[in-house]
Each structure stands twice: as structure tokens, then as C-alpha cells.
Amino acid sequence: MTEDNPILVYKDVAKIYKGGNVAVEHINLTIHKGDFVCLIGTSGSGKTTTMRMINRMLEPTSGEILFNGEDIHTSDPVTLRRHIGYVIQNIGLMPHMTIYENITLVPKLLKWPDDKRREKAEELIKLVELPKEFLDRYPSELSGGQQQRVGVIRALAANQDLILMDEPFGALDPITRESLQELVKNLQEKLGKTVVFVTHDMDEALKLATKIVVMDGGHIIQDASPEEILRHPANQFVEELIGAERLIQARADVTTVDQIMLKNPVSITPGRSLGEAIRLMRKRRVDTLLVTDDEGYLKGFIDVESLDNNYSRATSVSDILNTKIFYVASDTLLRDTVDRILKRGLKYVPVVDKAGKLLGIVTRAALVDMVYDTIWGDNGDGGDDDNDDTSQPATDDVTGVAAGHNLATDTPTDHKEA
Amino acid sequence: MIDFLNAHGSELVTKTWEQLYISAIALLLGIVVAVPLGIILTRFPKTAKVVISIASMLQTVPSLALLALMIPIFGIGKLPAVVALFIYSLLPILRNTYIGMEDVDPVLKDSAKGMGMTNLQSITQVEVPMAMPVIMAGIRLSAVYVIAWATLASYIGAGGLGDLIFSGLNLFQPDLIIGGTIPVTLLALLVDYLLGKLEKRLTPINQRS
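Residues numbered from 1 in each chain as written. Chains lettered and ligands numbered in written order. Predicted model: local features only at pLDDT ≥ 70, side-chain atom pairs only at ≥ 80, totals over all residues. Heavy atoms only, no water.

Put simply, the test is: UniProt positions are given in the numbering used here, feature names are shortened, and annotations may be inferred rather than shown by experiment.
By the naming in an unreviewed UniProt entry, chain B is Osmoprotectant ABC transporter, taken from Agrilactobacillus composti DSM 18527 = JCM 14202. According to the UniProt record, the Sequence similarities (unreviewed entry) comment for chain B is "Belongs to the binding-protein-dependent transport system permease family."

The name an unreviewed UniProt entry assigns to chain A is Quaternary amine transport ATP-binding protein, from the organism Agrilactobacillus composti DSM 18527 = JCM 14202. Regarding chain A, the relevant UniProt record gives this comment under Subunit (unreviewed entry): "The complex is probably composed of two ATP-binding proteins, two transmembrane proteins and a solute-binding protein." In UniProt, chain A has this text filed under Sequence similarities (unreviewed entry): "Belongs to the ABC transporter superfamily."

Here is the structure:
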């Protein structure tokens, strides 16, 4: 992230329609490379207008927008748009083109040679975990979620650095939406893209954004990181947008997984025998063992059920290893993890670092502690009995919630028994 | 039947050919003018209303009157007939092209533009393929009209199967009337069928119903 070279700068931008209808006014905003910016607001707040001025789908009435330091007004709109990814709510895949043709639409406009386009399409479709055969299908043969995955990679196909997304997941069901949010977030981090994302869903913004821009009535009300927005909502409007409930949950919103995970999960290497595995389970009183290799990279898990079923046939842990394991990165927000554990009915979630090394585990028991603190901590009594000294960073600042009182001041970080 | 074919067989072939020839030229001209015009009009919605009203008005002029009106300008023969039929073919093609293009999902147009297609690329690669079934429906409708009305062109000396029919009327010979009418009908049906085939080929694979 080069702080000195913002990818996008709005300088006092306004869009005023004939008859004096102000769509947006006094927009000043700086977006750096690698930012994930969410424009959030109610309908008519001007968030989509603000976004659509970037690729000149709308022309600002006054002010200027700099893209990579150049005034976009001086560049050819067609060329500009080919260098900015664009994803819209209704997906907008061309129904008469195959998935391949859709993905490589912009590269084709840019006159890439055939083999380079084919290569790119195959690389991208792999990136969103769709089978290669889909390239020859038509959009109508894909589900909504699959189509929007294609919509996302279409915006990346010409190596655009900046991607605009206009409520891209608004029409999807919650589970599909969640998986696409993860996908986009991962892609954005992995590829270092800058994303400007319009949404009216605060959960979505909190989950994805590195910077949230709250808009109302054509003005920017607040422009800050998600943590900052939760801790210091600029005014009543922002508070309402966040919702009292979320402010109470704010501590879960800013706590990351590694702050509450158990740091010594019970693990075993694939080479061990099943006898050793069952002894370890018994010793530690657990029914599941996480399996890691010698360097500590997470490989999967084994549970007592499969161990029991296969005891006579299998000899080593690797024989019954289940690699379909769901895990989270250590810097994931706890809020998201809670969602996952509850929605998917998981008993636990292993925590890994960026390289895939096992760091710890979040169990349901750990969540109970957190929920307990959230509920009782808010009343200022009953909950905060005792605990260790790690004060949770966000809590001291969360004021103005329902009870008008500070949230709990302590966070349990050390759960010995799970 | 055999007698009729013996007596009028070669005439029938020539007249059918004339009928087809007049109609085809008029229709081709209609397509060449009305399709691009319809497409351009989608970029100028205000002008579009005026132009389509004018085309509708022309459509209401009785066909025989229109043919007669051509005589002072183009004299008699094939030329005035082709011009008159061309005018008739305009409206269905123009209107369907315009409606077809207008009805293309705005999301797709927005998407095409947002990805950096030029106006022309958006038209040729997205809007026309999507509008193709509607445009073709207009062309098929025009084709049937034009073939049927080309019969009247015989009045202003353009030839065609109308010659047989009018001779039959004048000479009180029903076999001539029927012998002229049936080929017209068959011709119209055949052309409609062939254009239907063409429509299928031009429509993007997965948009075919």
C-alpha cells in the first residue's frame, strides 16, 4: 500500500441534475491501492452515483476525479472502462455468449491473442473454484451464485487494478452471498486489487471493507475503517445504520479469532498409528484430533467415529484422514467465525496462520464465554466477575449503546478447558 | 390441371419469377434501410417517435392508391412497383427493429458499456444478437405482405402473377385466377419458411426457443 500514491482521488466532486436535483455534493475521498472501500447508505444516498462517476458511466457536474494521478476527464471513457473492472447487481453476463466469451470479453476488446485469452480464462475459472468445462456453457446453465462468480472474474480478466462492484451480491441467498463475500475478499487480498464496493448491508461492509464510506443525502457522513466506525460513529445516522444491536456486538466485531482461540489444540501427525491416536483422545478427553504434518501445517482431522469404524482395516492416521476441514485465518474477525460456527453447526473451527500452519482452535465453549461477557458485560454487573488482564481494545470506546454504558472491559483469552 | 399447366406452364414460371424478383428487391431495400434506421433511432428516442409515426401513416395509404401515386413519379413498370412495395415493407421492419433493440435488458447495455465496449461494439455484439428474433419477425411479416401485394403491381405494368389473376378476372376464367393465386400463397409460405430457418441461424444458440 503506497500511501503516497492513491489510486483514486475525488476532489470536491458534485453531480447535480437539471432542475437542481443534487445527487452528490462535496465528495472528497482518497482511495489507496489495495483498499477495499465500501460505499454504504440508504437508497438515494448517492453511493451508486459516486461509484459510477469513476468509470465515467456518469459525468460529474463539477470537481475532478484522479485515477492513478490522472484526471479521468482527460482520458477516453472507453479505454478507461477497459482498465477498470465492473461488476453489477444483476450480474450482466451476456446470455448469448459462452462463459469463456464472457470472461474474455474485455481482453478481446483489448485485442489479446487467442491463446493468451484461453490461458487467462482457465486460470481465472480455477480461481473461483468452478470446473473448466463451464467455459463452454452458457450463463443460463449456471446457478445465480456461479454466474456471479463468473461476473467477478470477468472484472479481473484484463488485469484491472481497480474493480467497481455495485451491490453485486444483493440478489443472492444468504449462504451463496456469504461464500461469494469470502471469495471476493480472498481474491482481493491475494491479488492486491483495489475494490470500490457499493452496498446497503452493514454486515457486508463490516466484513469486507478496509474502509467504509457512509453516505446520506448525497454527502459523505463518515469515512473510516470498520473498527473506527463501530467505535466512533460520527452521528446518529451512522449509529442507526450500524444498529444498536451491532454496537453491542461491536466487541465481537473487532475481536479477531486469535484473541480468543485455544492455543494448544490437540493434534497428531499422519504417520502415527490409530492406537496412538485413540490414546491421545482419551488422555485429552476429546473426540476429534486435528492432523498436522511435522511442520505444523494443517492437513485435516480424524474423529472417534471414523476411527472406530476403520480400526480393523486401517493402521495409521493418514488412512482415515478427513481432509475436508473448515478453518479460519487467525486474523479473521470473531463475528464472522461465530456466524460460521452457528450456521454450519460446527463444533469447532481450527485457526491457521497465512501459510496454513495450525495455531489454535475456536470451540463452542469459547463462544459461550464471549456471548456471556457480551450480555452480562453490558449491564456492568454479573458478567465481569474476574478475568485476566487483557483488556479488549474496542470496548472502552463503545459508548452510546442501548444502556448508555460501557461494554465489558475484559475478554477471556485463556480457555484451558474446552 | 395438366391442361392448365400445358397451356400456361412457361408463363407461370416467368410470372412467379417476376413476382419473386420484385418482392425480393423491395424487401432487401426495406431491410437495408429500416434495420439500420431502427438501430440508429434507439439512440434518438425523440426522433424515433416522429419517424415511426410517419412510417405508420405511409402504411395506412391503400396499396392500390400508393401504386397509382407512383406512376406520376416513376412512370409504369417494375420501378414504381418496387418503390411502393419498399415503402410498405419499411414499417414492420422499422418498428420491430426499434422495439427489439429497446427491449434488450438495460442491464446488458450497462454491462457492455461499463466494460468498455464502444457504442458500435455494444450494438453489433450485444444488442443486435439479442434483438435478432424480434427483428427477424418484422422481416418475415414484411416479406409475406410484400409478396402478397406484389400481385397488385401488375396493374401498373410490373408483371408478376397478378397478370394471370387480372387476365382471369377480365376473361372470366377462374382457372387463371386460381392458377395465379396458388403460386402467390405458396411463394409467401415458402419465403416465410426460409426466413424462419435464417432466423434460427442468426439467433444466438441459447436464445433459440
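1. Points about the sheet that holds strand β14 (residues 328–329) of chain A
All names here are of chain A. The condition that has to hold: Whether two strands pair comes down to DSSP finding at least two bridges between them. A helix here means a DSSP run of H or I that spans at least four residues, while a strand means a run of E at least two residues long, and both kinds are numbered starting from the N terminus.
Taken in spatial order, the three strands of this open sheet run β14-β15-β16, and their pairing is mixed. Only two strands of the sheet have a single partner each, and these edge strands are β14 and β16 (358–363). As defined by bridge partners, β14 adjoins strand β15 (residues 348–352) across two bridges and the pair is classed as parallel. Counted as the bridge partner of A329 is V352 from β15.

2. A look at the UniProt feature "transmembrane region" (unreviewed entry) in chain B
Residues and elements named next belong to chain B. As recorded in UniProt, the feature "transmembrane region" (unreviewed entry) lies at residues 20–41, 77–94, 134–156 and 176–195. Overall, residues 20–41 shows 100% helix and 0% strand. The separation of its end C-alpha atoms is 30 Å. Secondary structure over residues 77–94 splits into 94% helix and 0% strand, and the C-alpha atoms at its two ends are 27 Å apart.

3. Here we look at the interface of chain A and chain B
Under the convention used in this document: The contact criterion used throughout is that any non-hydrogen atoms of two residues lie within 4.5 Å. Buried area: the accessible surface (1.4 Å probe) lost by two parts on joining, summed over both. Here, a salt bridge means any side-chain nitrogen of Lys or Arg that lies within 4 Å of a carboxyl oxygen of Asp or Glu. In the analysis that follows, any N or O atom pair within 3.5 Å is treated as a polar contact, provided that within protein one partner can donate a hydrogen and the other can accept it, and provided that, for residues neighboring in sequence, both atoms belong to side chains.
Facing the 22 residues of chain A at the interface are 20 residues of chain B. Where chain A abuts chain B, roughly 1800 Å² becomes buried across the two surfaces, and 65% of that area is made up of carbon and sulfur atoms. At the boundary of chain A and chain B, one finds one salt bridge. Across the chain A-chain B interface, the total number found is seven residue pairs in polar contact (both at pLDDT 80 or more).

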